[in-house]
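Summary of structural features
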2 protein chains.
Amino acid sequence: MRFLHAMIRVKDSDKAMDFYTKLLDMNLVKTITLEDSILYFLSDEDGQTQIELTANFENPENGYEHGNAFGHFAFGVDSMEEFGKKLHSMGYEYLYEPYYMPEAGLLIAFIKDPDGNEIEIIED
Amino acid sequence: MRFLHAMIRVKDSDKAMDFYTKLLDMNLVKTITLEDSILYFLSDEDGQTQIELTANFENPENGYEHGNAFGHFAFGVDSMEEFGKKLHSMGYEYLYEPYYMPEAGLLIAFIKDPDGNEIEIIED
């Protein structure tokens, strides 16, 4: 069996696509237009789809609800310093500033996507 | 930037590991033990981690809450028929029985993991 993707619903596809393709460097692999929604399939540099954004034509007024079952997506960067510069230049902020996680031996930080999903950034 | 994983919290790690490693054929790549939790990193057959299961030592009594922002994980199978046999032999049931999705030209079905997360199965 093959992992194909994780799907999240987004309220504003322009904002979400800006975040995932410009800040996180993902590529649009394909779109599927349905009666009630457009599906955007995104891959990182390896070319395999990992995330599907579902943009429904009708959305809840206050956006989608976040439980605590789903935690976050994690992305790896070569340099947290360079990532931080890009983040701020695009007008985004850290949710948690970069800190060293001794158990994993890694520098990590958290941001939020435009729909409020947490994204972990790991310097790997 | 590299997609590293999607993280979900699970109430019973034995049940979750049974589901993800035995039914969905994922492999345990590594674990990290923290003060309050154990993290299980899982990959499919390609060897790259895609899912992190967080098993906290203290959990909400009724399990974790599901909003509607996160939708599902999708997995590809060679044969939906063979998958269905395995699903039932392990005591799991379909949430939505296999059906043909004309817009994608694919046979798809849905199941739920032990924590109630939806999993899409696609014959690809």
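All values derive from a computational prediction rather than experimental measurement. (Residues numbered from 1 in each chain as written. Chains lettered and ligands numbered in written order. Predicted model: local features only at pLDDT ≥ 70, side-chain atom pairs only at ≥ 80, totals over all residues.)

Attention now moves to the overall build of chain A. Per the secondary structure count, chain A includes two helices and eight strands. Projecting the C-alpha coordinates of chain A onto the three principal axes gives extents of approximately 45 × 35 × 30 Å. For chain A, contacts bridging at least 24 residues in sequence account for 46% of all contacts bridging at least 6. (Helix = DSSP H or I, 4+ residues; strand = E, 2+ residues; numbered from the N terminus. Contact = placed C-beta atoms within 7 Å.)

In space, the eight strands of this open sheet follow the order 2(A)-3(A)-4(A)-1(A)-5(B)-8(B)-7(B)-6(B), with mixed pairing throughout. In this open sheet, the two edge strands, each paired with only one partner strand, are strand 2 (27-33) of chain A together with strand 6 (96-101) of chain B. Strand-to-strand twist of the sheet, defined as the mean angle between neighbouring strand axes without regard to direction, takes the value 25°. As paired strands, strand 1 (residues 2-9) of chain A and strand 5 (residues 70-77) of chain B are joined by six bridges and run antiparallel to one another. Residue pairing in the sheet places A:Ala6 in a bridge with B:Phe73 of strand 5 of chain B. Helix 1 (residues 13-23) of chain A rests against strand 2, strand 3 (37-43) and strand 4 (49-56) of chain A of the sheet, and its axis sits at about 165° to strand 4 of chain A. (Pairing = 2+ DSSP bridges. Axes fitted to C-alpha atoms, helices over the stretch in contact; angles between N-to-C directions.)

Residue and element names in this part refer to chain A. Taken as a whole, helix 1 has its buried residues at Ala16, Phe19, Tyr20 and Leu23. Looking straight down helix 1, one finds its buried side chains confined to an arc of 115°; they lie on one side. Among the exposed residues of helix 1, those oriented more than 90 degrees off its buried face are Asp14 and Lys22. Once helix 1 finishes, aspartate 25 follows within two positions and takes phi at roughly 60°, a positive value. (Buried ≥ 20, exposed ≤ 12 C-beta atoms within 10 Å, placed from the backbone. Arc of directions from axis to C-beta.)

Taking strand neighbours across the sheet as the criterion, the eight strands line up as 6(A)-7(A)-8(A)-5(A)-1(B)-4(B)-3(B)-2(B) in an open arrangement whose pairing is mixed. Edge strands, defined here as strands with exactly one partner in the open sheet, are strand 6 (96-101) of chain A together with strand 2 (27-33) of chain B. Direction aside, neighbouring strands of the sheet carry axes that sit 25° apart on average. Across the sheet, helix 1 (residues 13-23) of chain B is in contact with strand 2, strand 3 (37-43) and strand 4 (49-56) of chain B; its angle to strand 4 of chain B comes to roughly 165°.

Here the focus is the confidence of the model for chain A. For chain A, the average pLDDT comes to 96, and 100% of its residues sit at 70 or higher. For this predicted complex, the interface confidence comes out at an ipTM of 0.95, alongside a pTM of 0.95. (pLDDT = per-residue confidence, 0-100.)

Within the largest apolar cluster, 52 residues are counted, with the highest numbers of intra-cluster contacts made by A:Tyr20, A:Leu53, A:Phe75, B:Tyr20, B:Leu53 and B:Phe75. For B:Phe75, the residues in contact, after removing those within four places along its chain, are A:Met1, A:Arg2, A:Phe3, A:Leu4, B:Leu24, B:Ile119 and B:Ile121. (Core = buried A, V, L, I, M, F, W, Y, C linked by C-beta atoms within 7 Å.)

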